[in-house]
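Residues per chain are reported as follows:
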Amino acid sequence: MRRTIGVAGKFVWAAVAMTLLGGCGQGEGGEAAAVQSESVVQDTAQTEGTEAAAEQAAEAKPVAEIYDEIEKSVELISPVIMGEGFITNYYGIDPAKLEEYVFVMSEEATSAETVAILKVKEESDVEAMCKALQVVVDEKRSEMENYLPDQFEIVDKSSVKSKGNYVYLVISGQADAILQIIEKAI
């Protein structure tokens, strides 16, 4: 992938050139120029850090694409996509606070498999969504504890995770592979 030098990169090169060329033949004033050049380099580095964060956010895949990749890479157990009514009524998740989401549970009663990826509109709502997904974990844990010990272990190893405006939960025997796909995409 070819990358072009942005405005910030041009400032860095200009600061380097001024430092190299401006230092020749100056006495005490050379220090001031060096300090000023250093300041330009630091400001540019901060700007580039902000630009990199914006690029990363722009590179994140849509949630539906992430789930499609999961489906292609991992064999899920009877996956069923849950709608707005379900996630609202059972887990208190307000779809109006989500930019996009995928909430999939196994149709089989003998499987705890769940994949939920939520992209929250406002970062201030991330904690509430984490709590809502923790309810999923707690309910699955209590459902499986005395009924299916192998599924209970899978649930017990799971945890709600968040990154930026994304909140996600994977309960699956293949959780590592699924989490890797999600974390690479967001």
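Above this note sits the structure.
*Asks:* Hey, could you run me through the overall build of the protein in this one?
*Replies:* Counting its regular elements, the protein contains seven helices and five strands. Listing every helix and strand of the protein by position from the N terminus yields α-α-α-β-α-β-β-α-α-β-β-α. Expressed as a percentage of the 186 residues in the protein, the buried residues total 33%. Contacts spanning at least 24 positions in sequence make up 59% of the contacts within the protein whose residues lie at least 6 apart. Carbon and sulfur atoms make up 52% of the accessible area of the protein, which amounts to about 11,500 Å² in all.

*Asks:* Would you explain empty space enclosed by the protein in this entry?
*Replies:* In this approach, a probe sized like a water molecule rolls over the atoms, and the result shows the empty space that is left. One pass over the structure, following the stated rule, counts one cavity of 30 Å³ or more. Of the voids in this model, the largest cavity is the one considered here, and its volume is about 30 Å³. Lining the largest cavity are Leu76, Ile77, Pro79, Val104, Met105, Ser106, Glu113, Thr114 and Val115. Residue assignment for the lining of the largest cavity shows that the elements contributing at least two residues are strand 2 (98-106) and strand 3 (114-120).

*Asks:* How should I be thinking about the nonpolar core in this particular structure?
*Replies:* As a rule of thumb, nonpolar side chains are buried together in soluble globular proteins. Core analysis: the largest hydrophobic core is formed by 25 residues, its most contacted members being Ile93, Phe103, Leu133, Val167 and Leu169. Listing elements by their share of this core, those giving two or more residues are helix 4 (84-91), strand 2, strand 3, helix 5 (126-144) and strand 5 (166-171). A per-element tally of this core places helix 5 first, with eight residues. When sequence neighbours within four positions are dropped, the list of residues in contact with leucine 133 reads Ile93, Phe103, Ala116, Leu118, Val160, Val167, Tyr168 and Leu169.

*Asks:* Explain the sheet that holds strand 5 here, please?
*Replies:* Backbone-to-backbone hydrogen bonds join strands into a sheet, with any given pair of strands oriented parallel or antiparallel. Strands sit in the order 1-2-3-5-4 across an open sheet of five strands; the sheet is antiparallel. At either end of the open sheet lies a strand with only one pairing partner, and these are strand 1 (79-81) and strand 4 (160-163). For this sheet the average axis-to-axis angle between neighbouring strands, irrespective of direction, equals 20 degrees. Against the sheet, helix 3 (residues 63-73) contacts strand 1, strand 2, strand 3 and strand 5, and its axis sits at roughly 25 degrees relative to strand 2.

*Asks:* Just checking my understanding: could you explain the environment of serine 111 for this structure?
*Replies:* Tracing the chain through its elements places serine 111 in the loop between strand 2 and strand 3. Residue classification places serine 111 among the buried residues on the basis of a relative accessible area of 4%. When the C-alpha positions of serine 111 and valine 155 are compared, they lie 10.0 Å apart, and in sequence the two are 44 residues distant. The residues contacting serine 111, other than those within four sequence positions of it, are Ile77, Ser106, Lys140, Met144 and Gln151.

Basis of the calculations
Residues numbered from 1 in each chain as written. Predicted model: local features only at pLDDT ≥ 70, side-chain atom pairs only at ≥ 80, totals over all residues. Heavy atoms only, no water. Helix = DSSP H or I, 4+ residues; strand = E, 2+ residues; numbered from the N terminus. Buried < 20%, exposed > 50% of the residue type's maximum accessible area, 1.4 Å probe, protein only. Contact = heavy atoms within 4.5 Å. Areas by Shrake-Rupley, 256 points an atom, 1.4 Å probe, with all protein chains shown as cover. 1 Å grid on protein atoms, 1.4 Å probe; cavity = no way out; pocket = protein on both sides within 12 Å on 5 of 7 lines; lining within 4 Å. Points joined across faces, edges and corners; volume = space filled by probe spheres on them. Core = buried A, V, L, I, M, F, W, Y, C linked by side-chain atoms within 4.5 Å. Pairing = 2+ DSSP bridges. Axes fitted to C-alpha atoms, helices over the stretch in contact; angles between N-to-C directions.

Take it as geometry only, folks, not as evidence of what the structure does.
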